[in-house]
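Residue strings, one per chain:
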Amino acid sequence: MLSTIVTAEFKHLYAIRQEMRSWRFLQLDPLELRIPSSALESEQLAPNGANLAYVLHRIDRETSLSDGSGSTLADITADLAHLIPGVRGFDVRQNPSRQWEIWFDSRADSAYPAAVASDGTLRVMALLAALYDPRFRGVICFEEPENGVHPARLRDLIRHLRGLITEQLSVTASRAPLIQLVVASHSPVVMSAAEDAR
């Protein structure tokens, strides 16, 4: 019914329709997350995550301080290192084909490309990128956060995501737009972690 409301004649219904059109649905595909991306990609993270490397580069460029120090990537790096043991950090660089690609630093002091990273590492990184992206806010719908994540780390991931959303809500309470994460899952661990946080 809302799809038929195309004018502001029914202003409340029109506002609901416009809000729902801004919702983002992430169905992250690990194969797509591994592929380098070009600057011709969309500015917003694609539903399958295919442009993750470019989005991370853009976030870094847009949030770096004028003296070249610090950016939002430092927060993403810290969260990723906390959630994925063995990952110390990451870097986004251009390859000889002038495409952006992700390289991880391991705790064993070796670097490796996204092409060989685990599915769970890439999915968590893409979700963090979507949540930390200052340009695109609003509702993010994410299906099955448990895919590719070790069951022993799943509870910590859900708690961390809840804390991240809550922290961003308190920081931006006086400034719209806010961000909200809606998760669909079949995992009892996810449900239990959500219940624990109530």
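Anything mentioned here points back to the structure above.
Residues numbered from 1 in each chain as written. Predicted model: local features only at pLDDT ≥ 70, side-chain atom pairs only at ≥ 80, totals over all residues. Heavy atoms only, no water.

1. Quick word on the sheet that holds strand 6 (residues 179-184)
Taken in spatial order, the three strands of this open sheet run 1-5-6, and their pairing is parallel. Two strands close off the open sheet at either side, each with one partner strand: strand 1 (24-26) and strand 6. Sheet twist, expressed as the average angle between the axes of neighbouring strands with direction ignored, equals 20 degrees. One ladder, built from six bridges, connects strand 5 (residues 138-143) with strand 6; its direction is parallel. By the bridge assignment for strand 6, Cys141 is matched with Val182. Running over the sheet, helix 5 (residues 119-132) touches strand 1, strand 5 and strand 6 and is turned about 170 degrees from strand 5. (Pairing = 2+ DSSP bridges. Helix = DSSP H or I, 4+ residues; strand = E, 2+ residues; numbered from the N terminus. Axes fitted to C-alpha atoms, helices over the stretch in contact; angles between N-to-C directions. Contact = heavy atoms within 4.5 Å.)

2. Considering the packing of helix 3 (residues 52-63) against helix 5
Packing of helix 3 against helix 5 leaves a shortest axis separation of 10 Å and a crossing angle of 40 degrees. Taken together, helix 3 and helix 5 sit at an angle that is classed as oblique. Handedness of the crossing formed by helix 3 with helix 5: left-handed. Here helix 3 contributes Leu52, Leu56 and Ile59 to the contact with helix 5, which in turn contributes Leu122, Met125, Ala126 and Ala129. In the contact of helix 3 with helix 5, the residues fall into seven nonpolar, no polar and no charged. (Parallel < 35°, antiparallel > 145°, perpendicular 65-115°, else oblique. Left-handed = near helix turned anticlockwise from the far one by under 90°. Nonpolar A, V, L, I, M, F, W, Y, C, P; charged D, E, K, R; others polar.)

3. So, the pairing of strand 2 (residues 87-94)
Pairing analysis gives seven bridges linking strand 2 to strand 3 (residues 100-106), with the strands arranged antiparallel. Residue pairing in the sheet places Gln94 in a bridge with Trp100 of strand 3. Taking the residues that link successive antiparallel strands as the turn, the strand 2-strand 3 hairpin has five residues, and the phi of Arg98 there is positive, at about 65 degrees.

4. Focus on the pattern of salt bridges
Applying the stated rule across the entire model yields eight salt bridges. Salt-bridge contacts for Glu43 lead to Arg135; the nearest nitrogen and oxygen are separated by 2.9 Å. One end of the pair, Glu43, is in the loop between helix 2 (30-33) and helix 3; the other, Arg135, is in the loop between helix 5 and strand 5, and 92 residues separate them in sequence. Glu62 serves as the salt-bridge partner of Arg135, at 2.0 Å between the closest nitrogen and oxygen. One end of the pair, Arg135, is in the loop between helix 5 and strand 5; the other, Glu62, is in helix 3, and 73 residues separate them in sequence. The exposure class of Arg135 is partly exposed, given its relative accessible area of 40%. It is possible to trace a salt-bridge network through shared partners that takes in Glu43, Arg58, Arg61, Glu62, Asp133 and Arg135. (Salt bridge = Lys/Arg side-chain N within 4 Å of Asp/Glu carboxyl O. Buried < 20%, exposed > 50% of the residue type's maximum accessible area, 1.4 Å probe, protein only.)

5. Considering unusual backbone geometry
Leave glycine aside and you will find that most residues have negative phi; peptide bonds, for their part, are mostly trans. The backbone of Arg98 sits at a positive phi, close to 65 degrees, despite the residue not being glycine. Here Arg98 is to be found in the loop between strand 2 and strand 3. Judged by its relative accessible area of 59%, Arg98 falls in the exposed class. The residue Glu144 is not glycine, and still its phi comes out positive at about 50 degrees.

Geometry only, nothing functional implied.
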